[in-house]
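# What the coordinates show
Listed below are the residues making up each chain.
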Amino acid sequence: SSSSGDEALRDKRTRILSRGLPKQKPIEGVKQVVVVASGKGGVGKSTTADIFTITSFVLTQTKEVGLLDADIYGPSIPKMMNLKGNPELTPKNLMRPLKNYGIACMSMGFLIEETAPVVWRGLMVMSAVEKLLRQVDWGQLDYLVIDMPPGTGDVQLSVSQNIPIAGAVIVSTPQDVALLDAHKGAEMFRKVHVPVLGLVQNMSVFQCPKCKHETHIFGADGVRDLAKTLGLDILGDVPLHVNIRETCDSGQPVVISQPQSDA
């Protein structure tokens, strides 16, 4: 009958809902996980994650720090960290991260050719992310920084729901179209109960190297205004500077190669 069918459907729905979200399981050997994310691509999220990770290591010295590139389609950490080659395997068949500047790094870029596109559907991407999270021998890390892909899709949700995250850092330029997506990114993390540590305003100002005139190419203080709206802190204000771009492209981040520069 119709009533018995409705009752069976309700029972099935109740059983499914009772399962809840997947239980969060820590990454073995990792004490704290911080994710660096953005709602939109091209705002300097990977550059910020790269510099953020190295600075954390340089400033603490006593802390072990790792960097995981979770952007499967567009991994950029290998180039920025000046790392090439395939990870070795441990006797337990776990991948050993590649290391430079004292930072243990893992990326899909180590597993494919540099110019090879990743033409995968969602399930394959999620499987790759799971392997990067669970099948890596991180040793003992105080902090693992995860460079997330742009957006608020499957990867962000899966990472947020499957591992305990100490906090998220949102990167944006001051441009209105970037701020819209940064706002969405912050709200997404709040919905999955990940604390948002604050915002980083990238490409905030350009200073002419000749006359020193400052130009706000992407607008002024947009991220600061968004931080006030969301009740969050501004964690950093990074200028649009040629040295930052050049040193990241050469695999020698500015905090390592030019630690005394204004940038």
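A short tour of the structure in this document, coming up. None of the values given here were measured: they were computed from a predicted structure.

## Some points on the overall build of the protein chain
- Along its length, the protein chain carries 9 helices and 10 strands.
- Compactness check: the protein chain gives a C-alpha radius of gyration of 20 Å against a globular reference of 18 Å for 263 residues, within 12% of the reference.
- When the 263 residues of the protein chain are sorted by exposure, 43% land in the buried category.
- In the protein chain, the proportion of contacts linking residues at least 24 apart, taken out of those at least 6 apart, comes to 74%.

## Re the pattern of salt bridges
- Evaluated as defined, the whole model comprises 11 salt bridges.
- The residue Asp221 makes a salt bridge to Arg224 at a minimum N-O spacing of 3.6 Å.
- On the accessibility criterion, Asp221 (38% relative accessible area) is partly exposed.
- Residue Arg224 is classed as partly exposed on the basis of its relative accessible area, which comes to 33%.
- Through salt bridges with shared partners, one network takes in Lys40, Asp181 and Lys184.

## Here's the deal with the environment of Gly44
- Residue placement: Gly44 occurs in the loop between β1 (30–37) and α2 (45–60).
- Along the sequence, Gly44 and Val171 sit 127 residues apart, while their C-alpha atoms lie 7.3 Å from each other.
- For Gly44, the contacting residues outside a window of four places in its chain are Val171, Asn202 and Met203.

## Description of the environment of Lys84
- Within the fold, Lys84 resides in the loop between α3 (77–80) and β3 (98–100).
- On the basis of relative accessibility, which here comes to 72%, the residue Lys84 falls in the exposed class.
- In this structure, the C-alpha to C-alpha distance between Lys84 and Lys45, residues 39 residues apart in sequence, is 21 Å.

## Points about the packing of helix α4 (residues 122–134) against helix α5 (residues 154–162)
- It is at 10 Å that the axes of α4 and α5 come closest, and there the two elements cross at 35°. α4 and α5 meet at a crossing whose hand is right-handed. Within the contact between the two elements, α4 uses Val125, Met126, Val129, Leu133 and Arg134 and α5 uses Asp154, Val155, Ser158, Val159 and Asn162.

## A word on the sheet that holds strand β4 (residues 103–107)
- Taken together, 8 strands build an open sheet; the order of strands is β3-β4-β2-β5-β1-β6-β7-β10 and the sheet is mixed. The strands lining the two open edges of the sheet, one partner per strand, are β3 and β10 (234–238). Taking each pair of neighbouring strands and ignoring which way they run, the sheet shows an average axis angle of 25°.
- For β1 and strand β5 (residues 141–147), the ladder comprises 6 bridges, and the chain directions are parallel. When the bridges of β5 are listed, Val36 appears paired with Asp147.

## Examining the side chain of Asp69
- Looking at the secondary structure, you find Asp69 in strand β2 (residues 65–69).
- The buried charged residue Asp69 lacks any salt bridge partner; its closest oppositely charged side chain belongs to Lys45, at an N-O distance of 6.3 Å.
- Within polar-contact distance, the side chain of Asp69 engages the backbone nitrogen of Ser76 at 3.1 Å.
- Within the local environment of Asp69, its side chain forms a polar contact with the backbone nitrogen of Ile77, the two atoms lying 3.3 Å apart.
- Other than its neighbours up to four places away in sequence, Asp69 contacts Pro75, Ser76, Ile77, Pro78, Met106, Ser107, Met108, Leu132 and Asp147.

## With respect to the state of the cysteines
- Tallied over the entire structure, the rule returns 0 disulfides.
- Of all cysteine sulfurs, the one in Cys105 lies closest to Cys248, which takes part in no disulfide; the gap is 13 Å.
- Residue class for Cys248 comes out buried when judged on its relative accessible area of 3%.

## Regarding the environment of Thr247
- Inspection of the secondary structure puts Thr247 in helix α8 (residues 242–249).
- Taking relative accessible area as the criterion, Thr247 reaches 6% and is therefore assigned buried.
- A C-alpha to C-alpha distance of 8.2 Å links Thr247 and Met80, two positions 167 residues apart in sequence.
- Filtering out sequence-adjacent residues up to four positions away, Thr247 remains in contact with Gln252, Pro253, Val254, Ser257 and Gln258.

Definitions and cut-offs
Residues numbered from 1 in each chain as written. Predicted model: local features only at pLDDT ≥ 70, side-chain atom pairs only at ≥ 80, totals over all residues. Heavy atoms only, no water. Helix = DSSP H or I, 4+ residues; strand = E, 2+ residues; numbered from the N terminus. Rg over C-alpha atoms; globule rule 2.2 N^0.38 Å. Buried < 20%, exposed > 50% of the residue type's maximum accessible area, 1.4 Å probe, protein only. Contact = heavy atoms within 4.5 Å. Salt bridge = Lys/Arg side-chain N within 4 Å of Asp/Glu carboxyl O. Axes fitted to C-alpha atoms, helices over the stretch in contact; angles between N-to-C directions. Left-handed = near helix turned anticlockwise from the far one by under 90°. Pairing = 2+ DSSP bridges. Lys, Arg positive; Asp, Glu negative; His and termini not counted. Polar contact = N/O pair within 3.5 Å; in protein donor to acceptor, adjacent residues only side chain to side chain. Disulfide = S-S within 2.5 Å.

These figures capture arrangement, not role.
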